[in-house]
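So you can see what is in the structure, the chains are spelled out below.
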Amino acid sequence: MGEAPAFLVDDLQNEPLNGFELKNGTCKTITTIGNKMVRLYTMPCYKVARQSSAYNEKMSLHLFDSMSLVALMMELCPLKFKFLTVVLENGQIHPTVHGTKPLSSKGHSAVFLNDRILILKKGAKSDDQIWFLEVDTQYVRQQQKQLGTEVVAWSKGVIGNAEKPVVISGPSGVGKGTLISMLMKEFPSMFGFSVSHTTRAPRGMEKDGVHYHFTEKSVMEKEIKDGKFLEFASVHGNLYGTSVEAVEVVADAGKRCILDIDVQGARSVRSSSLEAVFIFVCPPSMEELEKRLRDRGTETEEQILKRLRNAAAEIEQGKSSNIFDFILYNDNLEECYEKLKKLLGLGGCVAATPKSAALGEFNLPLDHSVSKIDDKIIINCISSGLEKESKNLIMLDVSALKGGAPGRTRGLDFQAIGSFSDGLIGMERLS
Ligand SMILES: Nc1nc2c(ncn2[C@@H]2O[C@H](COP(=O)(O)OP(=O)(O)O)[C@@H](O)[C@H]2O)c(=O)[nH]1
Ligand SMILES: Nc1ncnc2c1ncn2[C@@H]1O[C@H](COP(=O)(O)OP(=O)(O)O)[C@@H](O)[C@H]1O
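Residues numbered from 1 in each chain as written. Chains lettered and ligands numbered in written order. Predicted model: local features only at pLDDT ≥ 70, side-chain atom pairs only at ≥ 80, totals over all residues. Heavy atoms only, no water.

### Describing the environment of Lys217
And then number 1: Inspection of the secondary structure puts Lys217 in helix H5 (residues 217–225).
And then number 2: C-alpha separation for the pair Lys217 and Asn238, spaced 21 residues apart in sequence, amounts to 8.7 Å.
And then number 3: What Lys217 contacts, discounting residues up to four positions off in sequence, is Thr199 and Leu239. (Helix = DSSP H or I, 4+ residues; strand = E, 2+ residues; numbered from the N terminus. Contact = heavy atoms within 4.5 Å.)

Below, the structure written as structure tokens:
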């Protein structure tokens, strides 16, 4: 994060170009988005001789196209290449770049989609082929307003949709962790836990990367500034937060994500673009809550008292705010668990199989051309056989995009719509 992207943004008045222009074999893709002109540079077969002795062995001479070149230059010598900056009006600025940028590829095609650019990486693996560079989306505009700088944001494109994540909140000691563990144990292939970051110290049995990502306050604050977090809050004197990646990796694995976060975090998620189911867990009484906290034996007396003080306010907010879709009373554990399953649609004996969010097999060959008709991107894949050249047409539907930067852009759909060779178009060759 924080690097400048591989394009220039010019003032429109300098070169009034409307719409989208993709010049095959030339060095750039030009498009206008909002009040910016975006040029995506491609430099096929650009020769890079490594100067730095530290890298001599690994990469003395390479042929790079734009994306691999850019990826490497940003990593190895970011200051030397001015084209890795955004130019606005008369001045140059380095935009804040959110999201994870694509790694190197053998080339790319780009398609303009009003507020963002769709990038198809050539020869990449099926789960790494489709990327979006957001230039004027709601997320980008929000971030620009907040940060007071130009912002662009990367997100990876994913075929299909993920199931709505489940946000579970409630006071400390109410039984959230216990209920979540039961769910994950009974439905291991269906649910995945969003591993939060926290600045609190690990408890005896807690493992870094499993229960939490234990981190330093200064590190977490920097990552929050870089846009890595979906939400964060100060809870019981420590910083807690859900990284964008923590939720996306669960959905990438085709699982439904469960978030155990406090009421402030739930409120932030509610007002974010992430659609989720919100559940608040209440104790049967404050006395029972205190008993559970004390019996758990993981906190000092001071910490217990702090958690109990915060509990009353949390319960009031949980019940009265319109953040939560459901309120569950955790009196008898088994009964509460059954209710939880029911409201997640798991009431019957057989649990529904989650829809896999993983990418289907979609291999974009090096040789292809791209065109756009409304919300459909038509990719014309050309492959040369022994005797003749054949072409396959793939349609990528971008009409139902969901999510987006700085995480994943979901809701993509693709279909093979035909093939043609010898000038005949159709699913079958006519004889
Ligand atoms: N906002 C927010 N709250 C979190 C996150 N992770 C955990 N929490 C909340 O922080 C509070 C304290 O969590 P923890 O220290 O594990 O204690 P416990 O709830 O007593 O087990 C709980 O209310 C959690 O739901 C997070 O990523 N974001
Ligand atoms: N319904 C229940 N009845 C009695 N004890 C419970 C119940 N639910 C959870 N507990 C116990 O209460 C303690 C706190 O539960 P935990 O899941 O750690 O809470 P939280 O994650 O909300 O802080 C644990 O020792 C757990 O075994």
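Next comes the rest of the write-up.
### Some thoughts on the UniProt feature "domain: Guanylate kinase-like" (unreviewed entry) in the protein chain
And then number 1: Residues annotated in UniProt with the feature "domain: Guanylate kinase-like" (unreviewed entry) correspond here to residues 163–345.
And then number 2: Annotated as 43% helix and 22% strand, the span residues 163–345 places its first and last C-alpha atoms 12 Å apart. (UniProt positions renumbered as here; feature names shortened; annotations may be inferred.)

### A word on the sheet that holds strand S22 (residues 326–329)
And then number 1: One open sheet accounts for five strands, arranged S15-S20-S14-S21-S22; its pairing is parallel. Because the sheet does not close on itself, it has two edges, and the strands there are strand S15 (191–193) and S22. Across this sheet, the average inter-strand angle for adjacent strands is 25°, counted without regard to direction.
And then number 2: One ladder, built from four bridges, connects strand S14 (residues 166–169) with strand S21 (residues 277–282); its direction is parallel. Opposite Val167, over in S21, you have Phe278 as the bridge partner.
And then number 3: Sheet contacts for helix H4 (residues 176–186): S14, S15, strand S20 (256–260) and S21; angle to S20, the most-contacted strand, approximately 165°. (Pairing = 2+ DSSP bridges. Axes fitted to C-alpha atoms, helices over the stretch in contact; angles between N-to-C directions.)

### Describing the packing of helix H8 (residues 286–296) against helix H9 (residues 301–320)
And then number 1: Between H8 and H9, whose axes approach to 11 Å, the crossing angle comes to 145°. Seen along the crossing, H8 lies across H9 with a hand that is right-handed. Across from Met286, Leu289, Glu290, Leu293, Arg294 and Arg296 in H8, the residues of H9 making contact are Glu301, Ile304, Leu305, Arg307, Leu308, Ala311, Ala312 and Ile315.
And then number 2: Counted by class, the contact of H8 with H9 contains nine nonpolar, no polar and five charged residues. (Left-handed = near helix turned anticlockwise from the far one by under 90°. Nonpolar A, V, L, I, M, F, W, Y, C, P; charged D, E, K, R; others polar.)

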